[in-house]
Structures are given as C-alpha cells and as structure tokens.
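Architecture and fold: a report
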Amino acid sequence: MAKSDFKIDIRTSPYIRKAPTVAQIMRNVVYALLPLAAYSVYQFGISALALLLATTLSCMATEHFFCWMSGKKSTILDASAAVSGLLLAMTLPPGFPLWMAAIAGFTAIAMGKTLFGGLGFNVFNPALVGRAFVQAAFPVSITTWTPELAVNRFVEFIPSTLALPFMKPAATAEWTAQVAVDGFSGATPLALMKFQGIMTDAYDLFIGNVAGSAGETSSLLILVCGAYLVYKNMLDWRIPAAVIFGTVISAELFYFLDPSKYPSPAFMVFSGGLMFAAVFMASDMVASPVTPLGIFVFGFLVGALTVIIRLFGGLTEAVMYAILFGNAATPIIETYTQPRIYGARKKAKEKS
Amino acid sequence: MNLLKLFGKKTFPHGIHLEEYKEETSAKATRRLPFAPEIIVPLAQNIGRPAKAIVFKGQHVTRGEVIAEADGFMSVPIHAPVTGTIKAVDLVKTAEGGKQLAIIITTSLNSGQHVLATDNVIDYEQLSREELIKAVQNTGIVGLGGAAFPSHVKMTSTADVPIHTLLVNGCECEPFLTTDHRVMLERIEQLIRGIHIAMKCLDAPKAIIGIEDNKLDVLQEIKPHLPSDGSITNEAVVTKYPQGAQKMLAYSLLGIEIPSGGRSSAVGLAIFNVATLAKIGLLVPENQGYIERIITITGDNLTNPGNYLAPIGTPLRFLLDHAGFMGGEASLILGGPMMGMPAHSLDVPITKATGAVLVLDERLTKHNDISPCIKCTRCLQACPINLNPSELGLLAAKRRYQEMEETYHLDDCFECGCCSYVCPSNIPLVQYFRIAKAFNRERHLQVD
C-alpha cells in the first residue's frame, strides 16, 4: 500500500445526511423549464428553439471557459449555467438575433456570476444581468415582437434571427404583416396597455395566447412547472407568493383610485414576464434573502416596484429591473430581518 | 407557529424528519454481555470534577465496591464494574482523543461476579431531601442521555423559581438508538420509582413523561403503572428530530421556552432522561453503585445488532466482537449518528453516559463533494433554535467568529446537526460552528 493511501479522516457529528445535491436541484429546475421551452417552440417555431440553444450553449461554454482559465474543475455539470441559459432565452423576444443572444449568455455568466466568484456568490440573478446588458446594448431588437402561432413557424426562421454577427438584423415588419393572422400590431399586451390603452383579455394572458418573450407567455404552464418544483421541495413557494401578493396589492391600489386609467390587478399579474419572473427569476436562491421575513419583504418589494415602473416608468417591461433592484437590496433586507431565536430574552429585544 | 400545535399535537417549530433505522434493534430484548477480561474505568466520566482513585495496584476489588470517591459536590464516585484485581491506575486512551487517568481491572475468572452485598437498604420515603440527594450521589449516577451531568446536582435546585414540573425525557429522537425504548418497556417499575425519588428531591408536584409517538407500545405499557392521583402523566409528542433536546421538549409539552443561555430550572423545570431515572429507581433503594448500563450496538456490518447490558469500562473491541462485527472500512461512533462522538480506537472503553455504539459504513456521509452555499434556506427551516446557519456558515468561512457570537447567536446552537443533515451543498456546518466556538472560548480566556 502506498503511503498516500493512508489518510485519516477527521469528522464529527452528524454522520448521516439526506439532501438532494446542488446538481440535482439545478437539474430539476432544468426539467421544470423544459415544458416551457417546448411551449415556446410550439408558439414561435424554430426561431425560439435556436434562441434557447444559443443562450444555453453560450452560458455553458462561458462557464467552462472561465473554470478552465482559473484552473478549476469545470462546474458546468452542476447545471446552474444551463438554468441561467434557459431562463435568459425565455425572457428574450423570439426573433432576437442569435449573435446577440450569445453575447447575452456570455455577459450573464461572465459579469453576473464568474466575476463574483461563481455559483453561490453572485449578487444578481445572472440571467437578468445578461438581459439587462442586451436591453441597453440592443434596445430595438429586444423590443421587436413577432406574432405567435405564425403559419410557417416550423420551417422558416423569423428574419431577424439569423442576422450576421455585428450586423443590423433585418426588419421584421414586412414579414410580420405577411404571417400575422389578424392585424398583428407587433406589440405585447403591456405595450398595448401603455401606449394605446388597449387591455388584453386576462383569460388569453393566463393561457398564453399572446405575443411576448419566448417563455413568459403562458401563466398557466409557468404555474404548473413551478408547482412541480415546489412539490419536489426545490423552489421556495414563499417568494413567488410574495411577489404576486405585492403586485396585486399595489395594482389594486391604483385600480381602486381610477379603474378607467389603470389596469386591473389580474392583468398586471398575468401580463408580460411577471409570472415567469416571480416563479423562476425572483426565486433564484442565491440572490434572494434567506430570512423568513426578508423573503416576504423582498417579494413584496419586487411586486410593488414592477407595478410602479410599469405604470409610471418609460419601459413597458419592468419586472427585470425590479428583481435586480431587489437582489441589490437583499443584504440590507437580511440585516434587518434576522429571525427571533428560541428563548430570546426580552432584554435583548429592548436593546435593538 | 406550528400548525400541528394548533391541532393539539405536542411539537415544536422547525426540526427535521429523519430516517430512523430503529426497527433494526427496537424489538430486541436486552441481553447481558459477558465480562471482558480487562475493564478500563476512566476517572473522568462526568461533567465536573473527576473522581479520586482509592485503590492501589494489585488490590482485589469486589463488583459494586467503591474504587474512586467523589471529589467534592460536583463529582460522583465510581464503583467496580467487575470482581477482579487492579492491574494499574494509569493513563489510557479515551474516546475524547487524549489520554486520561483510568483504573484498569483484570477480571477474576473464578469469582461468581456477585455484587457486593449492602446491609443498609434504604427506605427512600423516610429520608429527608438532603439525605436523599446524598444517596443519589453515592450511586454515582450521571445523566445517561449523553450529557453525563451529575444527577444529584440537577436535583439540588438553586434557582429562585421553585420547580413546578419534572419532565421525563423518553423521546430518544436520535436514529438507530433504542436504549431508552428498551428501558421504558423493561424497567417501568424502576422508572416510576426513580420519578418519585426525583420529585421528592426537587419538591416537584407533578411529572410528565414525554414519549415520541413512534413508541406507542411504551405509552400503552406505562399507563397502568401511573399513580392514580395524576401526579405523573405520560404524553405522546410528535416524532421529530431533535424532540429529545431539553429546549424542544419543554416547548412541545408545556409551551415554555427555556431562556437563551439559561438552564431549565430558570423556568421551573427539571428534565431527566428515562434511563437515568430508571437507574436511580433501581440503585437508590438498594444503596448500590452504578456499574452497568443498557447500550445499543447497531449499524452496518454487524451480524448481531441489539441492546446489551454491559459493564461500564468494557472496551469497544469486546462489544463489537459480541455484536458480530464483520470488519470493513467503518466509522465507529459513541452515541447517535446526529450528535455522537467518534471513537478513534477499538481499545477505548464505554463510560457511564455511552448509550450506543454505532458502526456506520455505507450509510455514512461522504465529505468529498462540498459545494458553495446556494442560500436555499433549508437550514433555516430546519434549525430548531431558529438560527441562521447559512449566514453563520459563510461567516465561519471568513473566520469572523466574534460576529457569529455577538450578532448571530452562535452560542445558542446546541449542535443538533439538523442544518448539516439537510444541506444540499454538503457543507459541514456543525463542524464549522464547533471550531468557531473553540476559537471564541480561546479569545475570551485571553481577554479575561
């Protein structure tokens, strides 16, 4: 026996353990996202598929590259990069040029995750960092929407998808006019509400029969997939609940003041990326608070900020910035919401 | 607030549901082990001062005879577990790691191993409180649940608050362990007598036996033995780890929180383990010493796991031989898998507070895949004290031990292991906390 085989393992209790590994949790999140991915492919065709692949591969390649650069064991097998990639694709418009998507994926992992020290240390949700970057860099492409259920969606790409790197993507207006079933205006329900005062039916929003980003259209499907994760105890249901609660309360407030001017809470909850963001983005474990009260404060803050930015800000989609803001506020929220411990004395309470 | 509590269930918030593995030994009646050829009796077997040896090399001792006497009030005497000859009073390896003074006895092969006869049998009803507490000390009893705190000290209440309830801890919430289960089935009369003695010492008007609801057979068995005046009752508590922790049991049964940093006596409670009280009920009336205990030997790679009555000081090697240990690369643990202590050698003896010897092989946690904390909040939802183990773990990694103590209540952690058990990143949180506490103790010593 070689000398190096002889090692003493010093350990103390507990000696047993039963928990899913981080990789198992991440893999389950991927499984939960797959139905959403499939639905977005069904809705928007091969362009959505190409987009999903582009961001996911770009995220995983970036992660692998940085691990290789720093001489560490590659962490792509823990699937957290794949999760970020899938999440990122689902927040982008289906006709988003692939080269821009790849940049978004690179930024998400490089600036959102690796820069802070990798999994577990990121301050912001990496996918949202990637999206925020391309929102600033390519403001036109990221607000160009194409109709859902176009006739030839499974055989032809949306023209803008295949734009050459660093080239301006082809305009989609003409193509849109061709394929649209009934006078598609190229606007999402949120844009319609904001700029034209047209309300989309809440039922259509709930089912997902509307234009929008690749994976965020069907609230119903998102809730089902989220429920799977909650059932597996791999998603903290308190965060989505708090975000939705925050949204409903603040939307209700404005709706109550002037129902003709402000949209109903139901519209707020089911439109845009809110449901997707509440279930899959805000609940990113690493960048959200851990304390019970902190989780509620965080969720409420995200919900309320979303409503305020949507109603009074210049952007149509606000939930991304609301969550990034919430992520930034997480450390301070945690500081002030530490749980009360068992047997805490009254004296200690008076002091604080 | 725990929902079950609203429905009248006796429980506490948080905690975890463990794999129990108790069925491997719970139905096995206690069997007496033979005497090992050599018995090693460490002098420091209790919290407080070690006993003082009063025997010399070559001296013949009879089973049950005092071989080391109590050194003051915070100490208990030790009795000879076997009849034999003193081989040496020397430093030996102990489970704690270092070497300690111990009395080594060579077992006599041709004696009958009869316990030393005592002439003055005690009628405990007639004794005064002080005399009774002294009688408890003379038996050498310490907390058998693992704490090894001298029982007579606990019975001498010093707090301003009178003890209103004696809580009898029959939870045995650690996986694998069935020692207390067997005690409660096989020694009911002794247990009830022990409860009476403890109530008399403490001047407590009532006692509640708390038993986890995975041991319903015990609840049924005990019921007919309880006194009709209702001074002793038994209650089922929800099976959840760490239900058997003092703080959890007090909350589950009475809704009382033991204050942070304080003892149970501060809120008028005294909490004793069932095995301790059953031993007191047996030994005090007969005026004998504590020389043997029930111990669960279980785990992987054993052909004969079970509950054994073993003399104190029996080396682990002898115990494992009799439990049919098949060898292999196993970890040896004294106590349960959640809070037990590792044994570094097969030559160390069991002591007064060793309730189990556990051999773990395939069921042992491997520590080869630690990943960063992903802040999943599982540990926060598991911690029975409602600490923030996630934050504590991150601070420990940064060596900010002082902050852990001052801001995040590190000292309230009683190392139950729930956080490590549920951690997806496999972070050895409890080990981190132990290290942090050790550094803090050192720092306090320097300051003072």
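Residues numbered from 1 in each chain as written. Chains lettered and ligands numbered in written order. Predicted model: local features only at pLDDT ≥ 70, side-chain atom pairs only at ≥ 80, totals over all residues.

Brief notes about the overall build of chain A
Secondary structure assignment for chain A yields 15 helices and zero strands. Counting the 352 residues in chain A, one finds 53% classified as buried. Long-range pairs, those at least 24 residues apart, make up 74% of the contacts in chain A with a sequence separation of at least 6. (Helix = DSSP H or I, 4+ residues; strand = E, 2+ residues; numbered from the N terminus. Buried ≥ 20, exposed ≤ 12 C-beta atoms within 10 Å, placed from the backbone. Contact = placed C-beta atoms within 7 Å.)

Thoughts on the environment of Thr85(B)
All names here are of chain B. Here threonine 85 is to be found in strand β7 (residues 84–93). Here threonine 85 falls in the partly exposed class, since 15 other C-beta atoms lie within 10 Å of it. Along the sequence, threonine 85 and isoleucine 122 sit 37 residues apart, while their C-alpha atoms lie 29 Å from each other. If we ignore the near neighbours within four places in the chain, the residues touching threonine 85 are Gly58, His60, Ile105, Thr106 and Ser108.

A few points about the sheet that holds β7(B)
Picture the strands of a sheet paired through backbone hydrogen bonds; they go either parallel or antiparallel. Residue and element names in this part refer to chain B. The four strands lie next to each other as β2-β8-β7-β4, forming an open sheet whose pairing is antiparallel. At either margin of the open sheet sits one strand with a lone partner, and together these are β2 (38–42) and β4 (60–61). Both β4 and β7 contribute to a ladder of two bridges, which runs antiparallel. Across the sheet, residue histidine 60 finds its bridge partner in β7, namely threonine 85. (Pairing = 2+ DSSP bridges.)

Concerning the pairing of strand β8 (residues 99–107) of chain B
All names here are of chain B. As paired strands, β2 and β8 are joined by five bridges and run antiparallel to one another. For proline 42, the partnering residue across the bridge sits in β8 and is alanine 102. When β7 meets β8, the two strands line up antiparallel, connected through nine bridges. Pairing of isoleucine 86 across the sheet is with isoleucine 105, part of β8. Remark: five residues form the turn of the hairpin made by β7 and β8, two consecutive strands paired antiparallel; glycine 97 in that turn has positive phi of roughly 120°.

Thoughts on the packing of helix α1 (residues 22–44) of chain A against helix α2 (residues 46–69) of chain A
Residue and element names in this part refer to chain A. Viewed as axis vectors pointing N to C, α1 and α2 meet at an angle of 140°, and their least axial separation amounts to 6 Å. Relative to α2, α1 is oriented oblique. For the pair formed by α1 and α2, the contact residues are Ala37, Ser40, Val41 and Phe44 on the first element and Ser47, Ala48, Leu49 and Leu52 on the second. In terms of residue class, the contact of α1 with α2 is built from six nonpolar, two polar and no charged. (Axes fitted to C-alpha atoms, helices over the stretch in contact; angles between N-to-C directions. Parallel < 35°, antiparallel > 145°, perpendicular 65-115°, else oblique. Nonpolar A, V, L, I, M, F, W, Y, C, P; charged D, E, K, R; others polar.)

Digging into helix α5 (residues 126–137) of chain A
Residues and elements named next belong to chain A. Taking 1.5 Å as the rise per residue, α5 with 12 residues should run 16 Å; its terminal C-alpha atoms sit 17 Å apart, in good agreement. Along α5, nine of the 12 residues are buried, which leaves the element largely enclosed by surrounding structure. Three or more residues of α5 are buried, namely Pro126, Ala127, Leu128, Val129, Gly130, Arg131, Ala132, Val134 and Gln135. Looking at the buried positions of α5, the neighbouring elements they touch are α3 (80–90), α4 (98–112), α12 (274–281) and α14 (319–336). (Expected span 1.5 Å × (residues − 1).)

Notes on the interface of chain B and chain A
Each side of the interface is counted separately: chain B has 45 residues, and chain A has 30 residues. Those elements giving two or more residues to the side of chain B that touches chain A turn out to be β15 (331–334), α13 (418–422) and α14 (429–447) of chain B.

Looking at the nonpolar core
Counting residues in each nonpolar core, the largest one holds 232 residues, and the members touching the most others are Leu51(A), Ile323(A), Leu166(B), Ile195(B) and Ala198(B). In terms of residues, this core owes the most to one element, α1(A), which gives 11 residues. Setting aside residues no more than four positions away along its own chain, Leu51(A) makes contact with Ala89(A), Leu92(A), Pro94(A), Phe96(A), Leu98(A), Ala101(A) and Ala214(A). (Core = buried A, V, L, I, M, F, W, Y, C linked by C-beta atoms within 7 Å.)

Side note on the environment of Val359(B)
All names here are of chain B. Checked against the element boundaries, valine 359 lands in strand β17 (residues 356–360). C-beta crowding within 10 Å serves as the criterion here: with 25 such atoms nearby, valine 359 is assigned to the buried category. As a C-alpha pair, valine 359 and proline 305 span 54 residues in sequence and 10.0 Å in three-dimensional space. With residues up to four places along the chain from it excluded, the contact list for valine 359 reads Gly299, Asp300, Asn301, Leu302, Phe325, Ala330 and Leu332.

Observations regarding the sheet that holds β17(B)
All names here are of chain B. Spatial ordering of the open sheet is given by β1-β14-β13-β17-β15-β16, a layout of six strands whose pairing is mixed. The sheet is open, and its two edges are formed by β1 (31–32) and β16 (341–342), each paired on a single side. Here two bridges tie β15 to β16, and the two strands are oriented antiparallel to one another. If you follow isoleucine 333 over to β16, its bridge partner there is proline 342. Where helix α4 (residues 179–186) meets the sheet, its contacts fall on β13 (292–299), β14 (306–311) and β17, and the angle it forms with β13 comes to roughly 130°.

A short note on the confidence of the model for chain A
On average, residues of chain A carry a pLDDT of 84, and 88% of them reach 70 or more. Scored below 50 in pLDDT, residues 348–352 of chain A shows one contact in the model against residues more than four places distant or in partner chains. (pLDDT = per-residue confidence, 0-100.)

Some details on helix α9 (residues 219–231) of chain A
Residues and elements named next belong to chain A. Over its 13 residues, α9 extends 18 Å from the first C-alpha to the last, a length consistent with the 18 Å expected when each residue adds 1.5 Å. Within the span of α9, buried status applies to Ser219, Leu221, Ile222, Cys225, Gly226 and Leu229. One face of α9 carries all of its buried residues, which in axial projection span an arc of 160°. One or two residues past the end of α9 sits asparagine 233, with phi positive at roughly 60°. (Arc of directions from axis to C-beta.)

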